[in-house]
Every structure is written in C-alpha cells, then in structure tokens.
Amino acid sequence: MSFLSEFKTFAVRGNVIDMAVGIIIGAAFGKIVSSFVDGVVMPPLGLLIGGVDFSDLAIVLKEAVGDAPAVTLNYGMFIQTVVDFVIIAFAIFLAIKAINTLKRQEAEAPSAPPAPTKEEVLLTEIRDLLKEQNRS
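How each quantity is defined
Residues numbered from 1 in each chain as written. Predicted model: local features only at pLDDT ≥ 70, side-chain atom pairs only at ≥ 80, totals over all residues. Heavy atoms only, no water. UniProt positions renumbered as here; feature names shortened; annotations may be inferred. Salt bridge = Lys/Arg side-chain N within 4 Å of Asp/Glu carboxyl O. Buried < 20%, exposed > 50% of the residue type's maximum accessible area, 1.4 Å probe, protein only. Helix = DSSP H or I, 4+ residues; strand = E, 2+ residues; numbered from the N terminus. Lys, Arg positive; Asp, Glu negative; His and termini not counted. Contact = heavy atoms within 4.5 Å.

- Going by the annotation in an unreviewed UniProt entry, the name recorded for the protein chain is Large-conductance mechanosensitive channel, with Stutzerimonas nitrititolerans given as the source organism.
- The annotation that UniProt attaches to the protein chain under Function (unreviewed entry) is "Channel that opens in response to stretch forces in the membrane lipid bilayer. May participate in the regulation of osmotic pressure changes within the cell."

## Here we look at the pattern of salt bridges
Right, on to step 1. Scanning the entire structure with this criterion turns up one salt bridge.
Right, on to step 2. Note that R127 and D128 form a salt bridge whose closest N and O atoms lie 3.3 Å from each other.
Right, on to step 3. Judged by relative accessible area, D128 falls into the partly exposed class, the value being 33%.

## A short note on the side chain of D84
Right, on to step 1. Within the secondary structure layout, D84 lies in helix α3 (residues 75–108).
Right, on to step 2. No salt bridge is formed by the buried D84; the nearest opposite charge belongs to K31, separated by 13 Å.
Right, on to step 3. Not counting residues within four places of it along the chain, the set of residues in contact with D84 comprises V33, S34 and V37.

## Here's the deal with the UniProt feature "transmembrane region" (unreviewed entry) in the protein chain
Right, on to step 1. Under the local residue numbering, the UniProt record ascribes the feature "transmembrane region" (unreviewed entry) to residues 16–37 and 77–96.
Right, on to step 2. As a span, residues 16–37 carries 100% helix and 0% strand, and end to end its C-alpha atoms are 31 Å apart.

The structure is reproduced here in structure tokens:
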C-alpha cells in the first residue's frame with residue numbers, strides 16, 4: 001500500500017473526522033468559557049474579595065529600569081486560567097455523564113425479539129395444519 005493511499009484511508013475514517021470536529025468545537029467552547037470567566041465570573045469574584053482584578057495580580061520580581069519593563073510573576077492570570085479549566089472540565093464531565101446515561105438506558109432497554117425466519121413461519125404453519133387434521 002502506498003504512503004498516499006494509506007494516508008487517504010487514515011484521513012477519511014470516521015474516527016479521524018469525528019475527532020477533528022470535536023477539536024474544532026472544543027476550541028470554540030474554550031473561547032466561550034474564557035470569555036465567560038473573564039467577563040462574568042471573575043469581576044464579581046474580585047469584588048467579593050475586596051475589588052481585586054485578577055488579571056492585575058502579580059508579584060514584581062524586578063522593577064522597571066529605564067526602557068526595560070518590570071519582571072513580574074503574573075499569578076492572577078494563572079488563577080483565571082485555572083477557573084477556565086475547572087469550568088470546561090465540569091462541562092465536559094456533565095456531557096460525558098449524560099452520554100453514558102443514555103448509553104446505559106439504551107443497553108438496558110429490552111430489545112424486540114427477532115422476526116421469525118421463513119423456515120420458522122413455514123414450520124409453524126405445518127404444525128397448525130397438523131393440529132387441525134388431528135382434531136378432525
């Protein structure tokens with residue numbers, strides 16, 4: 001099998017396409033959650049703990065000197081990113097939990113008995129005819 005045909009087989013398999021769609025949706029979802037955390041969650045949280053803007057929280061390691069900017073350890077951005085992660089992880093957990101519940105319900109649902117084959121139908125008719133003949 002040539003390299004290109006092997007790659008084509010790999011690229012058009014359903015799993016790869018599903019994964020690509022999931023990554024694209026996940027990236028968009030991550031941006032939505034980041035916007036939600038930055039604009040909706042963190043301002044009230046900062047207000048509750050004394051009017052702190054988390055994006056400004058930093059430890060100055062070295063003051064600015066001349067044209068050189070200050071060297072800071074921006075732990076506020078880290079806190080904001082952790083909150084982003086927790087919200088995204090929780091949303092994914094809820095989605096997976098819902099999917100697993102649906103799969104479990106589907107697995108537990110009684111399946112309909114299979115339709116009888118032509119042979120079974122024919123044998124049933126023969127049996128019924130034989131019963132009628134014995135009664136007569």
